[in-house]
Amino acid sequence: FKAMYEAINTASMLLFRIQNLHLYLDSLSDGLRKYVSSWFQVDQLYRKYIYLVRQSNAPTFFTELNTLVENHYINNFLRPLNDQWQSEVDKLKQWRSDFVEMQSTFFEKHVNPGLRDNTKVAVIISDGMRYEVGEELANRIEGQGHLKAEIDSMLGMLPSYTQLGMAALLPHNTLKIRADGNVLADGVMTMGLANRTKVLSAGVRSGSRALSDAEIREMTEEERRALFRDNQVVYIYHNQIDVTGDKLSEDHIVDAVETT
């Protein structure tokens, strides 16, 4: 019964939080600031509720509560927030915010300081991981007691699709979208691990490599030591969440998040 009790408790917290929300924003930056400070918790609680209901294996028991949660989440959170957000986006002359940095500045802001300090940097890119998931992950890491975690946000690229977002995280001066959707960083293709390693190598003279999470998990301990001994920057690409939504259904995304 543990999952059932936790689901009911989570629904209670979710409905209480929605009921006490003051969904008002007067600019794009104001909306971003309010979301990362508190509004994200609604999405987080909703995801956790769906996950716990699935874990309970008692869908019939939750039929009435599911309807209540869905109605409040959609009608009292998503729709009014979306309407206000769209209104602010329509006013913009360019996609910028004075609250957060652009995703395209990631390498300069978060990798270059490590290069200048001559420290090792590992970047794990988990496709489809929302801010609210990252916040929970940071809390879990801190909860282990011997590690420190901080969370920050960045403004994603437009148009919002994987190829452009992945390219924006690599070192570059210019990004160019080709007619077929592929993205070039300083004239170099960015699709695939080999191309991403090539782009990384151009920006990191002290050794770098891009690989998948499957590759690094299959390595022996000695191979992993060699990887970080020979490279100052390692990019690891993980795709549990996004690929689940593409290949299975959105219903399974909550399970993929937990696995991730």
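Here the structure is a predicted model, which means the values were calculated and not measured. (Residues numbered from 1 in each chain as written. Predicted model: local features only at pLDDT ≥ 70, side-chain atom pairs only at ≥ 80, totals over all residues. Heavy atoms only, no water.)

### Regarding the overall build of the protein
- When helices and strands are counted, the protein shows 11 helices and 8 strands.
- Along the three orthogonal principal directions, the C-alpha set of the protein runs to about 60 × 50 × 40 Å.
- Counting across all 260 residues of the protein, residues that qualify as buried make up 40%.
- When the accessible surface of the protein is summed, it comes to about 15,300 Å², and 51% of that surface belongs to carbon and sulfur atoms. (Helix = DSSP H or I, 4+ residues; strand = E, 2+ residues; numbered from the N terminus. Buried < 20%, exposed > 50% of the residue type's maximum accessible area, 1.4 Å probe, protein only. Areas by Shrake-Rupley, 256 points an atom, 1.4 Å probe, with all protein chains shown as cover.)

### Here we look at the environment of L115
- Turning to its location among the elements, L115 is positioned in helix α4 (residues 106–116).
- A sequence separation of 60 residues divides L115 from Q55, and the C-alpha atoms of the two residues are 44 Å apart.
- Discounting residues that sit within four places of it in the chain, L115 has contacts with F107, G203, V204, S206, Q232 and V233. (Contact = heavy atoms within 4.5 Å.)

### Some remarks on the pattern of salt bridges
- Here the structure, examined in full by the defined rule, presents 18 salt bridges.
- In this structure, R140 and E258 form a salt bridge, with 2.8 Å as the shortest nitrogen-oxygen distance. Of this pair, R140 sits in helix α5 (residues 131–143) while E258 sits in helix α11 (residues 253–259), placing them 118 residues apart in sequence.
- Relative accessible area serves as the criterion here: at 29%, E258 is assigned to the partly exposed category.
- The structure contains a network of salt bridges with shared partners spanning R47, K48, R130, E132, E136, R140 and E258. (Salt bridge = Lys/Arg side-chain N within 4 Å of Asp/Glu carboxyl O.)

### Quick word on the packing of aromatic side chains
- Enumeration according to the criterion identifies 6 aromatic pairs in this entry.
- With a centroid separation of 5.5 Å and 80° between ring planes, the pair formed by F40 and Y131 is classed as edge-to-face. Placement of F40 in helix α2 (residues 28–56) and of Y131 in helix α5 is noted, with a sequence separation of 91 residues between them.
- Taken together, a centroid distance of 3.8 Å and an interplanar angle of 5° make the contact between Y46 and Y73 stacked. A residue pair is termed long-range when its members are at least 10 positions apart, and Y46 in helix α2 and Y73 in helix α3 (residues 63–90) qualify at 27 residues. For the residue pair Y46 and Y73, the accessibility class agrees, reading buried in each case.
- It is R196 that lies over the ring of Y237; its NZ or CZ is 4.6 Å from the centre. (Phe/Tyr/Trp six-rings, centres within 6.5 Å; stacked < 30°, edge-to-face > 60°. Lys NZ or Arg CZ within 6 Å of the ring centre and 35° of its normal.)

### Examining the side chain of T190
- Secondary-structure assignment places T190 in the loop between β6 (188–189) and α7 (193–203).
- Residue classification places T190 among the buried positions, given a relative accessible area of 1%.
- Here the side chain of T190 touches V183 through a polar contact of 2.7 Å, landing on its backbone oxygen.
- Each residue touching T190, except ones within four places of it in the same chain, is listed here: Q163, A167, L170, V183, L184, A185, N195, R196 and V199. (Polar contact = N/O pair within 3.5 Å; in protein donor to acceptor, adjacent residues only side chain to side chain.)

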